[in-house]
Amino acid sequence: EHDCAELLIPVLDSLGWGLLMGFLIVVALFAYDFNVCFLPTTVDEATTIVLIFCGVMFGLELVINSLLRKNYLCSFFFWLDLVGTLSLIPDIMEL
């Protein structure tokens with residue numbers, strides 16, 4: 001576990017990871033509404049795949065942080081991340 005933490009925590013704290021996750025947050029926030037308002041229904045499946053990918057990435061980050069960071073599990077940020085990740089489910093189910 002110690003070796004994994006030494007490898008993964010710097011990745012999670014990196015600028016690149018932050019930019020990737022920030023981009024995925026913007027995609028997750030607007031993909032469903034953009035799809036409903038501007039795209040034909042033939043794109044619904046692709047949008048669902050994108051939202052599932054976002055959810056998997058958010059879930060992966062949540063699990064890794066829970067396993068490797070002290071005081072993350074059940075912290076304010078844990079609950080914030082969990083609620084945000086779970087909030088994708090209605091958008092995915094709707095399409």
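Up top is the structure.
Here the residue numbering is sequential within each chain, running from 1 through the sequence in written order. With the structure being a predicted model, the display of local features is reserved for residues of pLDDT at least 70 and the display and counting of side-chain atom pairs for 80 or more, all residues being used for whole-chain, interface and lining totals. Working from all heavy atoms in the structure, the side-chain values ignore hydrogens and water.

## Some words on the layout of surface pockets
Empty space among the atoms becomes visible once a probe the size of a water molecule is rolled across them.
Inference 1: There is about 430 Å³ of room inside the largest pocket.
Inference 2: Every definition here rests on a 1 Å grid over the protein atoms only: cavities are sets of points where a 1.4 Å probe fits but cannot get out, pockets are open sets enclosed by protein on both sides within 12 Å along at least five of seven lines, and lining residues have some atom within 4 Å of a point. Lining of the largest pocket is provided by 18 residues; of these, I25, F58, D81, G84 and T85 occupy positions nearest its centre.
Inference 3: Each helix is a run of DSSP H or I of at least 4 residues and each strand a run of E of at least 2, with the numbering of both proceeding from the N terminus. When contributions to the lining of the largest pocket are tallied by element, the ones reaching two or more residues are α2 (15–38), α3 (44–68), α4 (76–86) and α5 (88–94).
Inference 4: Grouping the constituent residues of the lining of the largest pocket by class yields nine nonpolar, four polar and five charged. Grid points are joined across faces, edges and corners, and a volume is the space filled by probe spheres set on the points. In this classification, Asp, Glu, Lys and Arg are treated as charged, Ala, Val, Leu, Ile, Met, Phe, Trp, Tyr, Cys and Pro as nonpolar, and every other residue, Gly included, as polar.

## Some remarks on the packing of α3 against α4
Inference 1: What counts as an axis is a line fitted to C-alpha atoms, over the stretch in contact for a helix, and the angles between N-to-C directions run from 0 to 180 degrees. Where α3 meets α4, the closest approach of the two axes is 10 Å, and the angle between their N-to-C directions is 160°. Here α3 lies roughly antiparallel to α4, going by the angle between them. As α3 runs across α4, the sense of the crossing is left-handed. Of α4, the residues touching α3 (which contributes G55, F58, G59, L62 and S66) are F78, D81, L82 and T85.
Inference 2: Split by residue class, the contact of α3 with α4 holds four nonpolar, four polar and one charged. Note that the term roughly parallel is reserved for angles under 35 degrees, roughly antiparallel for angles over 145, roughly perpendicular for angles of 65 to 115, and oblique for everything else. Crossing handedness: left-handed means the near helix sits turned counterclockwise from the far one by under a right angle, and right-handed means the same turn made clockwise. Throughout, a residue-residue contact means that at least one pair of heavy atoms, one from each residue, lies within 4.5 Å.

## Description of the nonpolar core
Inference 1: Among the nonpolar cores identified, the biggest contains 17 residues, and M21, L24, L51, C54, F58 and L88 are the most heavily contacted of them.
Inference 2: Of all the secondary-structure elements, those providing two or more residues to this core are α1 (2–12), α2, α3 and α5.
Inference 3: Examining the composition of this core, we find that seven residues originate from one element, α2, more than from any other.
Inference 4: Non-local contacts of L88, meaning those with residues more than four positions away in its chain, are made with A28, L51, C54, G55 and F58. As used here, the term nonpolar core means buried Ala, Val, Leu, Ile, Met, Phe, Trp, Tyr and Cys residues forming a set that is joined through side-chain atoms within 4.5 Å. Partly exposed residues are those whose accessible area sits between 20% and 50% of the maximum for their type, while under 20% is buried and over 50% is exposed, using a 1.4 Å probe and protein chains only.

## Examining the pattern of salt bridges
Inference 1: Note on definitions: salt bridges are taken to be side-chain nitrogens of Lys or Arg within 4 Å of carboxyl oxygens of Asp or Glu. Applying the stated criterion to the full structure yields one salt bridge.
Inference 2: With a shortest N-O distance of 2.6 Å, R69 and D13 are connected by a salt bridge. With a gap of 56 residues between them, R69 in the loop between α3 and α4 and D13 in the loop between α1 and α2 connect regions that are remote in the sequence.
Inference 3: Classification of R69 by relative accessible area gives partly exposed; the value is 25%.

## Focus: the environment of L20
Inference 1: Its location among the elements puts L20 in helix α2.
Inference 2: Given a relative accessible area of 35%, L20 falls into the partly exposed group.
Inference 3: For L20 and M57, which are 37 residues apart along the polypeptide, the C-alpha to C-alpha distance reads 9.9 Å.

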